[in-house]
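Survey of secondary and tertiary structure
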Amino acid sequence: MARTGRPREFDRDKAIDAATALFWAQGYEPTSLTQLKASMGDISPASFYAAFGSKEALFREVVQHYLATYGQVMAPLWDESLSPREAIEKTLRASARMQSARTHPAGCLVVSGASNCSPDNEPIQALLAAERQRTRAGIRACVERAIAKGELKASPATDVLPDILTTFFHGMTCEARDGIKAKNLDAAITSLLTLWDINAVKPRKEKRSPKR
């Protein structure tokens, strides 16, 4: 009778959580296999490669885990039941809270996870660049939807509004990692959204019939 394989010596979900925290805090390239295996409960090299295949494959799984959990702060961008402005505001404020929380590493893994990779790890840079492009597209879609619905004016100012919003969103990672508090980011978001409001189409006032 064939022997059954030894049961895994670690909890896979907990291992992914540990790897997520490590990659998030340090980035892809500075994080070593030795650190990863230790954070996952001192698993053996054989267990690591049997479960994940490689460091790159593990990171790709970590990114999907991050997007399905912490990254859900971006979901309002694609929720068309919300007004475009509400979708942008909900996304920015929720992301500010998430990025500055103290229960996990600060900032956004998608923004900072491959910021210092060498050319050898270009596929990792491309993976995160594609996710950042998805964010840009979501923000631009909200602005374009607002213009199409007559909520925002079509003008040179609104042409660049998606770029301004995206730059602010990505810049929050640097601020959060430097210890800027959520309340400060929230106040900055309030100020930023005035750019939306000053370009909003004002509702027409109904003319009153003259009194007889």
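Our structure is the block above this text.
From a predicted model like this one, the values you see are computed outputs, not experimental measurements. (Residues numbered from 1 in each chain as written. Predicted model: local features only at pLDDT ≥ 70, side-chain atom pairs only at ≥ 80, totals over all residues. Heavy atoms only, no water.)

1. Examining the layout of surface pockets
There is about 250 Å³ of room inside the largest pocket. Taken together, 20 residues line the largest pocket, and the ones lying closest to its centre are Leu67, Gly71, Met74, Glu131 and Thr135. Listed by contribution, the elements that provide at least two residues to the lining of the largest pocket are helix H4 (55-68), helix H5 (84-100), helix H6 (109-112), helix H7 (122-148) and helix H8 (156-177). Per-element tally for the lining of the largest pocket: the top contributor is H7, with four residues. Here the residues of the lining of the largest pocket sort into 12 nonpolar, five polar and three charged. (1 Å grid on protein atoms, 1.4 Å probe; cavity = no way out; pocket = protein on both sides within 12 Å on 5 of 7 lines; lining within 4 Å. Points joined across faces, edges and corners; volume = space filled by probe spheres on them. Helix = DSSP H or I, 4+ residues; strand = E, 2+ residues; numbered from the N terminus. Nonpolar A, V, L, I, M, F, W, Y, C, P; charged D, E, K, R; others polar.)

2. Details of unusual backbone geometry
Phi is positive for Asp42, which is not a glycine, with a value near 55°. Mapped onto the elements, Asp42 comes out in the loop between helix H2 (33-39) and helix H3 (45-52).

3. Some points on the nonpolar core
Phe23, Phe52, Leu58, Phe59 and Ile88 are the most contacted members of the largest nonpolar core, which has 52 residues in total. Looking at this core, the elements that each hand over two or more residues are helix H1 (12-26), H3, H4, H5, H6, H7, H8 and helix H9 (182-192). Looking at this core element by element, the count peaks at seven residues for H7. The residues contacting Phe59, other than those within four sequence positions of it, are Phe23, Tyr28, Leu109, Gly113, Ile124, Leu127 and Leu128. (Core = buried A, V, L, I, M, F, W, Y, C linked by side-chain atoms within 4.5 Å. Buried < 20%, exposed > 50% of the residue type's maximum accessible area, 1.4 Å probe, protein only. Contact = heavy atoms within 4.5 Å.)

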